[in-house]
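This is what each chain is made of:
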There are 2 protein chains.
Amino acid sequence: MNELIEYIKHDIAITDTIQEKLNRISIKKEVQKGENILSENSLKKQHIFVLTGCLRSFYRMENGKEVTIQFAIKNWWIGDYITLYTENKSILSIEGLSKSEILLIGKTELERLYIEHPEFATFHRKNFERHIATLQKRILSLLTQTAAEKYKQFIADYADFAQKIPNYQIASYLGITAESLSRVRKEMANQ
Amino acid sequence: MNELIEYIKHDIAITDTIQEKLNRISIKKEVQKGENILSENSLKKQHIFVLTGCLRSFYRMENGKEVTIQFAIKNWWIGDYITLYTENKSILSIEGLSKSEILLIGKTELERLYIEHPEFATFHRKNFERHIATLQKRILSLLTQTAAEKYKQFIADYADFAQKIPNYQIASYLGITAESLSRVRKEMANQ
DNA sequence: CTTAAATATTGATGTATGATAAGAAATTAT
DNA sequence: ATAATTTCTTATCATACATCAATATTTAAG
C-alpha cells in the first residue's frame, strides 16, 4: 500500500477496489533536484501527489524572471491548475527543489475514479474547497500586506519547510525581489 | 422552475427530485444597492447564487479601507470561501452593487445534496475546478502585471459588466488606489 | 581541501505607485 | 431643477520596493 492511499485513509474509508484502481493509474517517479517534471507548453494534464521531498510550480515571464505559484511537500497535491481546468497548453513548469518521489496521475483517469466512486469524489471535493480557501487567503495577502508582513506570515504558515527553500524563491512567491527580502530579513534580525 | 435550475440544466441532466430539493433549501432574497447580505463576524455559512444584478465580496482592513475579493453577476456563485471552508467567523462582507435577486443556500444543505446526488456533486466539482483556475490566474496577474496591465485585462475579462462597477472598487480589486487607476485611464485615453 | 557555482547581502540610485488634498464631474435625493 | 452626496480627476509630494552592480557567503563539485 502506498503513501497516497495511506493519506486518503486519514479522511475516508477506502475500498480495496479504489486502492487497486489508484495503484493502476498512478505512475511513481523519482525527481532529482532541479529536474523538471512538467514543462511549459507541454500537453500533459496531470496531477502530482508528493510522496517525499519538495517541489514547486512556477511561471517564467518573458524577461526570464520566474514567479513561484506553489510549493509542495509530502502529502500535498501540486499541478498546473490553469492548464488542467481551462487551457490546452501548460503555462507553468514544475520542478524538484530536492530529490523527491512523486505520483503522476492523469486528469482523465482521476475523473473516471470520481465518477465510479462518489466517496472518492467527496474526498477530492474537500481538497478543492480547502484549496480555494488557501488561494483566496493568498490573494488577500497580496492585496493587503507589506513585504515584511507577507514574509512573516509565510514563515509562520510554512514553518515545516520554509528553511529548505532558497530565499530568492520565497521572494518570487511573495511577489518581491530577492534583494528586498534580504533587507526585510536584516530588519527582522535587528529587532 | 427557477434560474438556478435553468443554469444547472445547461451542464447536467437534472432530475425532478434534485429540482425539488434545491427549491426547498434555497431562499430567494432581494438585495438593495449598498445592502449587506453577509457581514464580517457572522456565523452563517452560506453560498450565494446570483439571479439578477451585481454583488461583490470584500475585506475591510483595520484602517477602514476595503479590498474587493470578487464581483458576481447573473448565474455566478459568490461566498466567503475562507469562512466556508476553514474558519468559523466570517471575515468578508458581501453587498449588492445594484438592486439584485439572489438565492441563499446553506453549506450543510448543499453538502447533503452532493452526497444524495453524485451527478450534482460532479457539476459542483467542475465549478470548483474552474474557480481554482480563476484564482490562480488572478494570483499570477497580481505577481506579474503592472497597474495598467491589470486594468486592461480586467476590462477585457469582465467586459460584460465592468462599466457597471465604480472605478474605485475596480481599483480595490486590482490592488491599486483609485487615484492610480485614474491616471492609468488618462494614459490609456491619450493613446 | 580547493575551486567553482549558486545564493545572499549590501549600497547607490531609480521609479511606480501611494498619500494627501483640492476641485470637477456625475449621481442621487429633495 | 437644485442641492447633497458620491465618485472621479488632478497636482504635489512621499515612499516602498525595484534595479543595477559589486561583494560576501554558502553550497556543491572535482
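The coordinates are above.
Residues numbered from 1 in each chain as written. Chains lettered and ligands numbered in written order. Predicted model: local features only at pLDDT ≥ 70, side-chain atom pairs only at ≥ 80, totals over all residues. Heavy atoms only, no water.

1. What to know about the protein's contact with DNA strand D
Okay, so step 1: Near DNA strand D there are 18 residues, and of these Ala-147, Thr-177 and Ser-180 of chain A together with Asn-167 and Tyr-168 of chain B occur at the shortest range.
Okay, so step 2: Within the side chain of Thr-177 of chain A, an N or O atom sits 3.0 Å from a phosphate oxygen of DNA strand D.
Okay, so step 3: Mapped by element, the contributors of at least two residues to the surface near DNA strand D are helix H8 (178-189) of chain A together with helix H7 (167-174) and helix H8 (178-189) of chain B.
Okay, so step 4: Grouping the amino acids of the surface near DNA strand D by side-chain chemistry returns 4 nonpolar, 6 polar and 8 charged. (Near = heavy atom within 4 Å. Polar contact = N/O pair within 3.5 Å; in protein donor to acceptor, adjacent residues only side chain to side chain. Helix = DSSP H or I, 4+ residues; strand = E, 2+ residues; numbered from the N terminus. Nonpolar A, V, L, I, M, F, W, Y, C, P; charged D, E, K, R; others polar.)

2. Remarks on the relation of the copies chain A and chain B
Okay, so step 1: Each copy superposes on the other: chain A lies on chain B with an RMSD of 0.0 Å after a rotation of 180° and an axial shift of 0.0 Å. Within this description, the copies of the chain are treated as partners about a two-fold rotation axis.
Okay, so step 2: Interface residue correspondence from chain A to chain B reaches 100%, placing this contact among same-surface, isologous pairings. (Least-squares fit on C-alpha atoms with pLDDT ≥ 70 in both. Contact = heavy atoms within 4.5 Å.)

3. Notes on helix H6 (residues 147-157) of chain B
Okay, so step 1: Taken residue by residue, H6 of chain B has Lys-150, Tyr-151 and Phe-154 of chain B as its buried positions. The arc that holds the buried residues of H6 of chain B, viewed along the axis, is 95°, so those residues lie on one side. (Buried < 20%, exposed > 50% of the residue type's maximum accessible area, 1.4 Å probe, protein only. Arc of directions from axis to C-beta.)

4. What about the sheet that holds strand E7 (residues 93-96) of chain A?
Whether parallel or antiparallel, the strands of a sheet pair through hydrogen bonds between backbone atoms.
Okay, so step 1: On the basis of which strands lie adjacent, the open sheet formed by 4 strands has the order E2-E7-E4-E5 (chain A) and antiparallel pairing. Only two strands of the sheet have a single partner each, and these edge strands are strand E2 (36-38) and strand E5 (66-73) of chain A. Ignoring strand direction, the axes of neighbouring strands in this sheet form an average angle of 30°.
Okay, so step 2: Where E2 of chain A lies against E7 of chain A, 2 bridges are found, and the strand directions are antiparallel. Bridging across to E7 of chain A, Asn-36 of chain A finds its partner in Glu-95 of chain A.
Okay, so step 3: Strands in contact with helix H5 (residues 118-144) of chain B are strand E4 (54-60) and E5 of chain A; relative to E5 of chain A, the strand with the most contacts, it is inclined by about 135°. (Pairing = 2+ DSSP bridges. Axes fitted to C-alpha atoms, helices over the stretch in contact; angles between N-to-C directions.)

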